[in-house]
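Chain by chain, the residues:
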Amino acid sequence: MPYIDLKTNVTVSEEKKTALKSALGQAITLLPGKSEQWLMVGIQPDYSLWFQGSDAPAAMIHVEVLGAPNPSAYENMSAKLCEICAAELRIPQNRVYVCYSETANWGWNGSNF
Ligand SMILES: O=C(O)c1cc2cc(O)c(O)cc2[nH]1
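Remember, predicted model here, so these are calculated numbers, not experimental data.

1. Things to note about unusual backbone geometry
Of note, the phi angle at Arg90 is positive, near 60 degrees, even though the residue is not glycine. Examined against the element boundaries, Arg90 turns out to sit in the loop between helix H2 (71-89) and strand E4 (96-103). Owing to a relative accessible area of 65%, Arg90 belongs among the exposed residues under this scheme. You will see that Asn109, though not glycine, has its phi angle at about 55 degrees, which is positive. Here Asn109 shows up in the loop between strand E5 (107-108) and strand E6 (111-112). The exposed category is assigned to Asn109, whose relative accessible area is 65%.

What follows is the structure in structure tokens.
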């Protein structure tokens, strides 16, 4: 049950949101045991976001996962997420932060995994 929350100061069309959702659904498979089947995605366009004092196109991505994937998987995931931001949103890869959170306690459908 991963969750990806993408905030960006770029405007994102509905069509592009769908493309992003699908790309993120593929990207999550880079983390062993994770898949789009349990993935929740949030996309927040037009977000007030500054990086290095500039509001040029940028993105902040939070990836939350149950458990603790191998750190090398996070390397691959960061590369892919930055590629997606560049390809889909025209955001330079050096204006994208990716932050990972791991938790042992995750609720769904009235109880915890
Ligand atoms: O995506 C995961 O991390 C995930 C999905 C899933 C489904 C399930 O029934 C479990 O007991 C654990 C679990 N983890």
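2. Brief notes about the sheet that holds E4
As summarised here, the arrangement of the four strands in space is E2-E1-E3-E4, forming an open sheet in which the pairing is mixed. Here the strands that pair on one side only, and so sit at the sheet edges, are strand E2 (40-44) and E4. Neighbouring strand axes in the sheet, compared pairwise and without regard to direction, differ in orientation by 10 degrees on average. Pairing of strand E1 (residues 3-8) with strand E3 (residues 59-66), which is carried by six bridges, proceeds in the antiparallel orientation. Considered in E3, the bridge of Ile4 is made with Val63. Sitting on the sheet, helix H1 (residues 14-27) touches E1 and E2, and the angle it makes with E2 is about 140 degrees. Each of E1, E3 and E4 touches H2; the most contacted strand, E4, lies at about 140 degrees to it.

3. Considerations on the state of the cysteines
Cysteine pairs can be linked by a disulfide, which is a covalent bond between their two sulfur atoms. Applying the stated criterion to the full structure yields zero disulfides. Cys85 forms no disulfide, and the closest cysteine sulfur to it belongs to Cys82, at a distance of 6.4 Å. The thiol of Cys99 is unpaired, and the distance to the nearest cysteine sulfur, on Cys82, comes to 13 Å.

Conventions we followed
- Note that residues are indexed from 1 along each chain, following the sequence as it is written.
- With the structure being a predicted model, the display of local features is reserved for residues of pLDDT at least 70 and the display and counting of side-chain atom pairs for 80 or more, all residues being used for whole-chain, interface and lining totals.
- Note: side-chain values were computed over all heavy atoms of the structure, leaving out hydrogens and water.
- Runs of H or I in DSSP of at least four residues are treated as helices and runs of E of at least two as strands, each being numbered from the N terminus.
- The buried label goes to any residue with under 20% of its type's maximum accessible area, the exposed label to any with over 50%, and the partly exposed label to all in between, with areas taken from a 1.4 Å probe on protein chains only.
- In short, DSSP must find at least two bridges between two strands for them to pair.
- An axis is simply a line fitted to the C-alpha atoms; with a helix, the fit covers only the stretch in contact. Between two such axes, the angle follows the N-to-C directions and lies from 0 to 180 degrees.
- A contact between two residues is defined here by any heavy atoms of the two lying within 4.5 Å.
- For this text, the term disulfide refers to a pair of cysteine sulfurs within 2.5 Å.

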